[in-house]
Amino acid sequence: MTFATYVYAVRRTGGPEIHSPGHDGGGPVRLLPLGSLTAVVQDVPAAEFTEEALRQRFTDRLDLERCARTHHRVVCAAAAGAATVPLPLATLYANDVRTKVVLEEHAERLSEALHRVAGHVEWAVKVHRDTAVPVLEPETDAGAPGDPASEEPATGREYLARVRDRRATRERRQESALDAVDLVDRVVRTVAVASVRRPLHGVELTGRDRPQVMNGAYLVPRDDERLLTAALDTLRQDPRLSGFAVEASGPWVPYSFASVALTEGAGRDGAPA
């Protein structure tokens, strides 16, 4: 059987061994020295990780989730012992020699990323509208179906007034959301050293009938996590956020702040050029 080298992450040389199961059918997770850096790798069956094989596997939601969970589990085990730069899911090279060539080409950027996240963790902070706040139906000039206000207006003046009222209501809601996001972001950034804004999640992802107005990630010094928790508790009591819910989760491996694009030679077919 032919094997390829699957790379989970890169960290500083000198960290402890990693005792975490990797992908099924592969060898044990191991450390591959790269000079001052170390790659966290596993030998995996090359045929199961070609570009075509992965495309087919990842159309199966359960298989994709299983692969992602395995990847995340190994990255977390690596990060527990030292600052770690996670690599994207299904980063593969033909063998250890090719892995070293590509990663050593990016050693400077990997070192910079490690320096950036050392001693820090990632926290996710989300803001939703409270369920007690009614959600407007999509705008229509005639109003929302089933709403008494959607009855045919008696006059043209009444029709125009209704359109103006609906527009004003939407604008007030948008302005209140922007104010809430600005307040939460300003407070959290008094503790965080960096932040990124992620795309908002719709109801189909959150599973909640609460529009999301903010989806952010923050890089927080590990020693300041209590300050972050206190800041979030204060925000939840702030009357300016009435009608909004602030949620946070963490600490996480700082995926959002340690990304390094391995553009030279990286591939998913087990045999990159």
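Quick caveat, the model's predicted, so the values are computed rather than measured.

## A closer look at the side chain of Arg129
At step 1: Structurally, Arg129 is set in strand S6 (residues 120-129).
At step 2: For the buried Arg129, no salt bridge exists, and the shortest N-O distance to an oppositely charged side chain is 9.6 Å, to Asp179.

## A closer look at the confidence of the model for the protein chain
At step 1: Looking at the protein chain, the pLDDT average stands at 85 and 84% of residues meet or exceed 70.
At step 2: Mean pLDDT in the protein chain bottoms out at helix H6 (residues 203-206), which sits at 63, and peaks at strand S3 (residues 37-45), which reaches 96.
At step 3: Contacts for the low-pLDDT stretch residues 135-146, under 50 throughout, to residues beyond four places or in other chains number 21 contacts.
At step 4: Confidence drops under a pLDDT of 50 for residues 264-273, and excluding neighbours within four residues, the segment shows 35 contacts in the predicted structure.

## Observations concerning the pattern of salt bridges
At step 1: One pass over the structure, following the stated rule, counts 13 salt bridges.
At step 2: When the shortest N-O distance is used, the salt bridge between Asp233 and Arg236 registers 3.1 Å. Residue Asp233 and its partner Arg236 are located together in helix H7 (residues 225-236), separated by three residues, close to a single helical turn.
At step 3: You can call Asp233 partly exposed: its relative accessible area is 41%.
At step 4: Each of the salt bridges in this network shares a partner with another, and the network as a whole consists of Arg30, Asp43 and Asp96.

## A few points about the packing of aromatic side chains
At step 1: Summed over all chains, the structure comprises two aromatic pairs.
At step 2: Taken together, the ring pairs connect Tyr6, Tyr8 and Phe49 into an aromatic cluster.
At step 3: Looking at Arg57, its charged tip hangs above the ring of Phe49, at a distance of 5.0 Å from the centre.

## Focus: helix H2 (residues 61-79)
At step 1: In this model H2 runs 27 Å from its N-terminal to its C-terminal C-alpha over 19 residues, within 8% of the 27 Å that 1.5 Å per residue would give.
At step 2: Residues of H2 that are buried: Asp63, Cys67, Thr70, His71, Val74, Val75 and Ala78. Within H2, the buried residues cover an arc of 130° as seen down the axis, which keeps them to one side. Along H2, exposed side chains directed more than 90 degrees from the buried face belong to Arg61, Leu62 and Arg69.
At step 3: Of the surrounding secondary structure, the elements contacted by the buried residues of H2 are strand S1 (3-12), S3, helix H1 (51-57) and strand S4 (84-86).

What counts and what doesn't
Residues numbered from 1 in each chain as written. Predicted model: local features only at pLDDT ≥ 70, side-chain atom pairs only at ≥ 80, totals over all residues. Heavy atoms only, no water. Helix = DSSP H or I, 4+ residues; strand = E, 2+ residues; numbered from the N terminus. Buried < 20%, exposed > 50% of the residue type's maximum accessible area, 1.4 Å probe, protein only. Lys, Arg positive; Asp, Glu negative; His and termini not counted. Salt bridge = Lys/Arg side-chain N within 4 Å of Asp/Glu carboxyl O. pLDDT = per-residue confidence, 0-100. Contact = heavy atoms within 4.5 Å. Phe/Tyr/Trp six-rings, centres within 6.5 Å; stacked < 30°, edge-to-face > 60°. Lys NZ or Arg CZ within 6 Å of the ring centre and 35° of its normal. Expected span 1.5 Å × (residues − 1). Arc of directions from axis to C-beta.

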